[in-house]
Amino acid sequence: MSWKNLEDTVRNIASYIWDAPAISKTIDEVQIDCVVELRDDYLCLVEVSQNNTLEKVRTDISKLAALNFSLMGKGIYSEKYIVLSEKPTNSMRKLGNESKITVLSVDEFEKKWFDYKKYIYLRSQQSFGSVINLENGTPENDIYIPVSYIDIKTGERYDIDSIAKKLEKGSKIILKGSFGTGKSRCVKQLFEILSSKHDILPIYTIAINLREHWGAKNYREVLQRHFEDLSIDSKGFNKISKNRNLIFLLDGFDEIGSQSWSIDPEKMHSVRARAVVSIKDMIMNVQGGCLITGREHYFNSDKEMLDCLGLDTKTTLILECSEEFNEEQIRIYLEKNCNKSVHYIPQWLPKRPLIMSIAIHNISDIFDQESSIVNECDFWDKFLTLLSKREARISSVLHDETIKDIMIRVARISRIKDKNFGPITLLDLNKAFEDITGERPNEESAIMLHRLPGLGRINADSNDRMFVDSYILNGLRAEDIIQAVEKSDNTVFNEKWINPLNIEGINILSNYIEYDEKRFKDFLNSAVLCARKNNSMFVADIASAICKIPIYSVIDFKNINISDIQIYFLDFSNKQIKNLNFENVWINDFDITNANLINTNFINSVIDKIKGITSKNSLPDYFVACDISEYQPVSTVTRIKRANLNRAQTILVTIIKKIFSTVTKGNGRKEEALLRGLGDRGDSKLCDKILNKMITDEIITKHKGKEGWIYSPILKNTERMCKILSDLSNSQDDLWIFATNLN
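Structural notes, computed from the coordinates. Here the residue numbering is sequential within each chain, running from 1 through the sequence in written order. Per-residue local features are limited, in this predicted model, to residues with pLDDT of at least 70; the limit for side-chain atom pairs, both in listing and counting, is 80 or more; totals at the level of whole chains, interfaces and linings are taken over all residues. Hydrogens and waters are ignored; side-chain quantities use all the structure's heavy atoms.

**Looking at the side chain of Glu 110**
Secondary structure follows DSSP: runs of H or I at least 4 residues long count as helices, runs of E at least 2 residues long count as strands, and numbering of each begins at the N terminus. As for its placement among the helices and strands, Glu 110 is situated in helix α4 (residues 106–111). Only protein chains enter the calculation, and the probe is 1.4 Å; a residue is then buried if its accessible area is under 20% of its type maximum, exposed if over 50%, and partly exposed in between. In this tally, Lys and Arg are treated as positive and Asp and Glu as negative; His is ignored, and so are the chain termini. Think of a salt bridge as a Lys or Arg side-chain nitrogen and an Asp or Glu carboxyl oxygen that are within 4 Å of each other. The buried charged residue Glu 110 lacks any salt bridge partner; its closest oppositely charged side chain belongs to Lys 117, at an N-O distance of 6.4 Å. Two residues form a contact once any of their heavy atoms are found within 4.5 Å. Those residues in contact with Glu 110 that sit more than four places away from it in its chain are Ile 13, Tyr 116, His 198 and Tyr 204.

**With respect to helix α20 (residues 517–530)**
What a helix should span is 1.5 Å times the count of its residues minus one. Over its 14 residues, α20 runs 20 Å from end to end, which matches the ideal 20 Å to within 8%, given 1.5 Å per residue. Three or more residues of α20 are buried, namely Phe 520, Phe 523, Leu 524, Ser 526, Ala 527, Val 528 and Cys 530. Polar contact is defined as a pair of N or O atoms within 3.5 Å, subject to the rule that within protein one atom must be able to donate a hydrogen and the other to accept it, and that residues adjacent in sequence are counted only when both atoms are side-chain atoms. Sitting at the amino-terminal end of α20 is Asp 516, which places a side-chain oxygen 3.1 Å from the backbone nitrogen of Lys 518.

**A few points about the pattern of salt bridges**
As enumerated under the stated definition, the model contains 29 salt bridges in all. As a salt-bridge pair, Lys 25 and Glu 37 come within 3.9 Å of each other at their nearest N and O atoms. Here Lys 25, found in strand β1 (residues 22–27), pairs with Glu 37, found in strand β2 (residues 30–39); they are 12 residues apart in sequence, far enough to count as distant. The exposure class assigned to Lys 25 is partly exposed, which follows from its relative accessible area of 34%. Within the structure, one salt-bridge network assembled from shared partners comprises Lys 4, Glu 7, Asp 8 and Arg 11.

**Description of the environment of Asn 97**
Among the structural elements, Asn 97 can be located in helix α3 (residues 90–98). Residue classification places Asn 97 among the exposed residues on the basis of a relative accessible area of 52%. Taking the C-alpha atoms as reference, Asn 97 lies 9.8 Å from Ile 61; in sequence the two are 36 residues apart.

**Focus: the sheet that holds strand β9 (residues 204–209)**
At least two DSSP bridges between two strands are required for those strands to pair. The sheet built from 7 strands is open, its strands ordered β7-β6-β12-β8-β11-β10-β9 with mixed pairing. Edge strands, defined here as strands with exactly one partner in the open sheet, are β7 (157–158) and β9. In this description, a line fitted to the C-alpha atoms serves as the axis of each element, helices being fitted only across the stretch in contact, and the angle between N-to-C directions of two axes falls anywhere from 0 to 180 degrees. In the packing of helix α7 (residues 183–196) onto the sheet, contacts are made with β6 (149–151), β8 (172–176), β9, β10 (246–251), β11 (290–294) and β12 (316–321), and the angle to β10 comes to roughly 160 degrees.

Right, here's the structure in full:
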């Protein structure tokens, strides 16, 4: 640590210890490195030194003793300290004590306020969000693989070191991402980077798992719980607003409150705002840097997120995690953490960082081209079998199939909980055991129940559990539906599930049903039968999975009505959907690109994001009194590619945007530039047909330029082209129909 940093560190610590300004000051013509004035007649004097010799300590003792004599003559009392960069010898301490001067190291001085090095050690032993070893529940220690985090406004990419530097400068950053995309791993790495700088910079980094602070009302309550869980005294942190050198890493804003919901958007906003009130209180009091992480769909919009967290768009950097590792990152991960090189990476492998890590460490043959695993459902089946057999090896009291069935039953119990992941009480665990075995658990089986894979304790003061891994939870829920249909277990029809399958569970269920006509009919019939009973969620999960299957282009749901539930993901794209109605539902992510809906309606429902429609004005008549937060944007080629259009439609949209974006400039577009950015989608024959159609219909003109053909817009068609972009798959324009029919 440099001399300046050492002085700054000591002054900061002094200001924290005595809760008063600490400055360098000349008193009676004596320059003192650090002075804290507690009262007019009470001073704290601190001399700071990197010269850790006995001679230098003697000099500083003489200096402080002489000043103390002068101050005493004026009726001013002083506490006196000499702070060294290294640990003082016993001789130094003794010499200081003789003059009533405390000689100590900077680390010892810091402990008078807060034992930060103890905090670093203890916090590093705890988990960071979902970053845990499934085998033993200890924190995962895999080597961090460099990834980029993307600024949602500019598209700029940040690496982990860039984020750390911004936090050091006091920036407020939000990191969004789906479960398992590396938010908690980012927090863990930032904690390691920033806490390692403590010896050279006067900064203190605090990393908090927000899910451990459910119900907290203010930042003091959060800090008190956090430090109590680590058995550390937190009195020094009572006034964080005065400390510009504190950096907070707050992981999981989506895990701090209830997952309850209402069809009323205003009520939902209020529920979410109340849930994060303690985070908002902390952010508004923090003067240093702050990173807050959470799942992207927790709030309806970035505006709501910023409002609820007490932040503003001008001073807050919003970043997103990449959803998946790319193949190069997977190979680097394998080399660094498994000492393994591979040539084959299966398409079905979940490439989300967390689940991929679990797979690589636990399933040895996933990179074998002869493997029997061909899709996500096969992988899940093997993954679940692995977990169950491992538990049976650890606790031989139960067979692995029994353990598997108990886990599935616990997942069913979670369906009716107010919070998606739990809580799972001891009574719930006992009931699941009794339902499967017909017996009450004994002491040995009770121990096994308490450590079921995927479950973790809510907090240190509670015996209640919660699911800590979304992939395991939703895989088990999908498995529960599969078993219920295969075994004709109609008891689920009368249950009232409130927590839906997420995209992982939908994919597993969809993979299981596809390519088997009998399964398709069995699951659809189960949904139809259940629709006459109480469990709309069971019906919706099956409907979501069936619609995800690409080989079925026409699906008749036989007048199923779904109401009063949440649906995580619904994909009608490129399908004809018949006789399926929704009322008072909440859909997180809905794709109706190129969908043809017959006798299918949505009434009084909330939709967070809809793809295939770009504005409220383009909503078809089958949406009645619905509240939609976000429409599919089509402002860039990248977003056009994500819109799930067919090739000809994509090319048409790209051509319209590129040619008609030149209207205000009065320019045209070169032919070679029209399809730039579409890659393999740039089919020249389709492009020629669409361009010729647009020229024939007098939508654009074509003329020879210096470097080839130039295509320019005919301005009177601008409004018409904008409407095509707005309507997308719902467009009835002749040009859109022409492009659609080209495929």
